[in-house]
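Results of the structural survey
In case you want the letters, here they are:
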2 protein chains.
Amino acid sequence: MNPLDATHSLVRDTQPAEPCSTCGSRVAGLCHRLDASALDDISADSQRFHLAAKSVLFREGDPAQRAYSIVEGVVKLSRLLPDGKQQVVGFRFAGDILGYGAGQTYPFDAETLTGGHFCRIERGRLDSLLRLYPQMERRMLDLCLRELSNTQDQLVSVGRRSAEARVASFLIGLVEAYRQRGPLPTDLPMPMTRSDIGDFLGLTLETVSRSFASFKRQKLISEPGHQTVRILDMEALLRLTEGETAGM
Amino acid sequence: MNPLDATHSLVRDTQPAEPCSTCGSRVAGLCHRLDASALDDISADSQRFHLAAKSVLFREGDPAQRAYSIVEGVVKLSRLLPDGKQQVVGFRFAGDILGYGAGQTYPFDAETLTGGHFCRIERGRLDSLLRLYPQMERRMLDLCLRELSNTQDQLVSVGRRSAEARVASFLIGLVEAYRQRGPLPTDLPMPMTRSDIGDFLGLTLETVSRSFASFKRQKLISEPGHQTVRILDMEALLRLTEGETAGM
DNA sequence: CGGGCTTTTGATATCCTTCAACTGTTGTGG
DNA sequence: CCACAACAGTTGAAGGATATCAAAAGCCCG
């Protein structure tokens with residue numbers, strides 16, 4: 001149960017041995033285990049492109065004309081609340097698919113946190129492909145169901161856990177996200193700001209900062225460089241998420 | 001965006017004119033807009049049964065051998081947290097489908113709040129039907145995607161709203177749930193306890209009780225009978241959910 | 001009628017937010 | 001290359017929303 005996978009990371013699985021011939025991604029994407037003709041169809045219709053950090057892929061409310069796949073980079077998904085605050089709905093990594101939803105418009109903003117490579121496909125074309133290749137549709141359903149389960153986990157986390165437990169669960173989620181994508185480095189890139197994390201967990205940036213400070217004091221983590229975390233005591237973090245409820 | 005639809009109410013839509021020939025349900029279920037042969041297949045494999053209030057349909061962790069459809073009644077979905085508290089993950093009503101998920105086991109408990117009629121089908125049979133009738137699978141995907149979006153809404157609600165805003169959003173969700181199922185009665189059945197509601201919203205039962213008391217004082221709602229609410233000022237409730245953030 | 005569950009209400013405790021000031025970091029233009 | 005502005009992060013103090021603890025009242029159901 002990965003708290004970071006709260007939404008719409010529709011396509012991902014174990015890593016394939018070879019990079020995808022279409023988009024060059026090394027992590028399993030939409031095209032995971034498709035036959036050659038399907039791959040040809042997709043590559044004919046999809047385009048690769050590069051984006052700098054802090055670029056907007058799409059905005060909440062925009063007509064959902066394309067689906068995107070992350071080849072490399074990190075994306076933040078967020079919703080704007082009526083009062084101007086934002087709720088971060090999830091973070092997405094290489095191999096994830098964005099913007100394929102039920103509605104006619106995107107239900108959230110998608111913004112890059114790092115620079116990276118992306119792949120886009122027209123929604124109409126993707127829909128045709130789904131009709132053409134039933135196993136692709138089946139895969140979408142499976143991944144959607146899994147997402148739903150993950151989002152429920154996030155709901156539990158945000159609804160009933162203390163601040164430190166939430167931050168711990170965020171860190172564990174980060175580890176999980178990287179573990180699913182290849183060998184786990186000791187130093188994990190963490191391109192999101194305290195504010196991003198707070199908006200994801202339903203906390204203020206100050207509270208997030210204090211939790212990080214506390215974890216560092218207890219030697220559960222360290223920050224060896226800018227936008228980098230190292231997990232020193234995974235067990236303790238796990239214990240934090242398991243034991244604690246909001247306990248106010 | 002219905003906060004109560006936070007999860008897995010995989011199958012529902014506008015009301016069909018006629019009750020479903022298979023299960024007698026008047027609300028659109030899995031069989032919505034299926035052709036006759038599919039309906040025959042389903043009715044051959046599914047069984048109707050009745051259950052009293054506070055019965056268990058299935059438990060978190062049980063092997064997910066069957067999917068259930070609610071013909072009539074209200075069901076509570078919940079997860080047990082490591083420390084023994086429960087997180088209510090959603091409430092389900094007539095027409096909703098339960099227990100069709102990605103995993104091998106059910107991800108939550110399902111427990112009836114009222115007595116009611118249900119329909120069950122073996123998962124293996126349902127899977128075959130999905131393969132047999134692609135439009136059914138497509139429908140599952142659409143509904144799953146919509147669920148995902150609803151769960152994100154619930155996440156926003158729980159993460160960033162004040163106690164009263166959450167309770168207001170629960171009430172609005174209740175209204176929405178009934179509205180989707182037919183003509184809206186002025187007195188809404190509300191079979192869940194304050195504790196259930198609190199566990200759903202990430203609040204204590206006392207806080208829920210105080211919010212209800214406050215709403216009654218302000219004449220936004222009344223409780224004309226046991227387990228019954230009447231909405232007196234919908235606009236005010238909506239204003240509550242829109243305006244407020246946690247604002248601590 | 002009585003026992004247990006649900007709900008209400010009050011008093012107190014506490015976690016987290018808010019407000020504020022300061023420090024560190026990044027990036028940019030002179 | 002340095003200075004400076006903008007942004008990100010840290011830390012402290014105070015206040016407030018909600019949890020916790022407690023007790024009593026209301027309400028079903030046996």
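Residues numbered from 1 in each chain as written. Chains lettered and ligands numbered in written order. Predicted model: local features only at pLDDT ≥ 70, side-chain atom pairs only at ≥ 80, totals over all residues. Heavy atoms only, no water.

Quick look at the overall build of chain A now. Per the secondary structure count, chain A includes seven helices and 11 strands. Residues classed as buried in chain A amount to 57% of the 248 residues present. Restricting the contact set of chain A to residue pairs at least 6 apart, pairs at least 24 apart contribute 71%. As presented, chain A carries roughly 10,100 Å² of accessible surface, and 51% of it is formed by carbon and sulfur atoms. (Helix = DSSP H or I, 4+ residues; strand = E, 2+ residues; numbered from the N terminus. Buried < 20%, exposed > 50% of the residue type's maximum accessible area, 1.4 Å probe, protein only. Contact = heavy atoms within 4.5 Å. Areas by Shrake-Rupley, 256 points an atom, 1.4 Å probe, with all protein chains shown as cover.)

This part covers the relation of the copies chain A and chain B. The transform that puts chain A on chain B rotates by 179° and translates by 0.0 Å along the axis, for an RMSD of 0.1 Å. Here the two chains are linked by the operation of a two-fold rotation axis. Taken as a fraction of all interface residues of chain A, those also at the interface in chain B reach 100%, which identifies the copy contact as same-surface. (Least-squares fit on C-alpha atoms with pLDDT ≥ 70 in both.)

With the rule as written, the count across this model stands at 18 aromatic pairs over all chains. Members of the aromatic cluster, each reached through a chain of ring pairs, are Phe49, Phe58, Tyr68, Tyr106, Phe108 and Phe118 of chain A. The aromatic ring of Phe49 of chain B is capped on one face by Arg120 of chain B, whose charged end is 4.8 Å from the ring centroid. (Phe/Tyr/Trp six-rings, centres within 6.5 Å; stacked < 30°, edge-to-face > 60°. Lys NZ or Arg CZ within 6 Å of the ring centre and 35° of its normal.)

Here we take up helix H4 (residues 163–179) of chain A. The end-to-end C-alpha distance of H4 of chain A is 24 Å, a good match for the 24 Å that 17 residues give at a rise of 1.5 Å each. Among the 17 residues of H4 of chain A, 13 are classified as buried, and the element is accordingly described as predominantly covered. (Expected span 1.5 Å × (residues − 1).)

Let us now look at the sheet that holds strand E11 (residues 228–231) of chain B. Through backbone hydrogen bonds, the strands of a sheet pair up, either in parallel or in antiparallel fashion. All names here are of chain B. Spatially, E9-E11-E10 is the arrangement adopted by the three strands of the open sheet, whose pairing is antiparallel. The two strands at the open ends of the sheet, each matched to only one other strand, are strand E9 (187–189) and strand E10 (221–225). Ignoring which end each strand starts from, the neighbouring axes of this sheet average 40° apart. Looking at chain direction, E10 and E11 are connected through three bridges and run antiparallel. Its bridge partner lying in E11, Ser222 is registered against Arg230. Across the sheet, helix H6 (residues 205–217) is in contact with E10 and E11; its angle to E10 comes to roughly 100°. (Pairing = 2+ DSSP bridges. Axes fitted to C-alpha atoms, helices over the stretch in contact; angles between N-to-C directions.)

With 47 residues of chain A at the interface, the matching set in chain B holds 47 residues. When the two sides are added together, the surface that chain A and chain B hide from each other amounts to roughly 4,000 Å², 64% of it contributed by carbon and sulfur. By the criterion of area lost to chain B, the three top residues of chain A are Gln152, Leu155 and Arg160 of chain A, representing 18% of everything that side buries. For the pair chain A and chain B, the number of links is four salt bridges. Between Arg160 of chain A and Asp199 of chain B there is a salt bridge, with the nearest N and O atoms lying 3.4 Å from each other. In this structure, the connection of chain A to chain B is made through six residue pairs in polar contact (both at pLDDT 80 or more). Of all the secondary-structure elements, those providing two or more residues to the side of chain A that touches chain B are strand E5 (86–92), helix H2 (123–132), helix H3 (134–160), helix H5 (194–201) and helix H7 (234–243) of chain A. Residue composition of the side of chain A that touches chain B, grouped by class: 20 nonpolar, 14 polar and 13 charged. (Buried area = accessible area lost by both parts, 1.4 Å probe. Salt bridge = Lys/Arg side-chain N within 4 Å of Asp/Glu carboxyl O. Polar contact = N/O pair within 3.5 Å; in protein donor to acceptor, adjacent residues only side chain to side chain. Nonpolar A, V, L, I, M, F, W, Y, C, P; charged D, E, K, R; others polar.)

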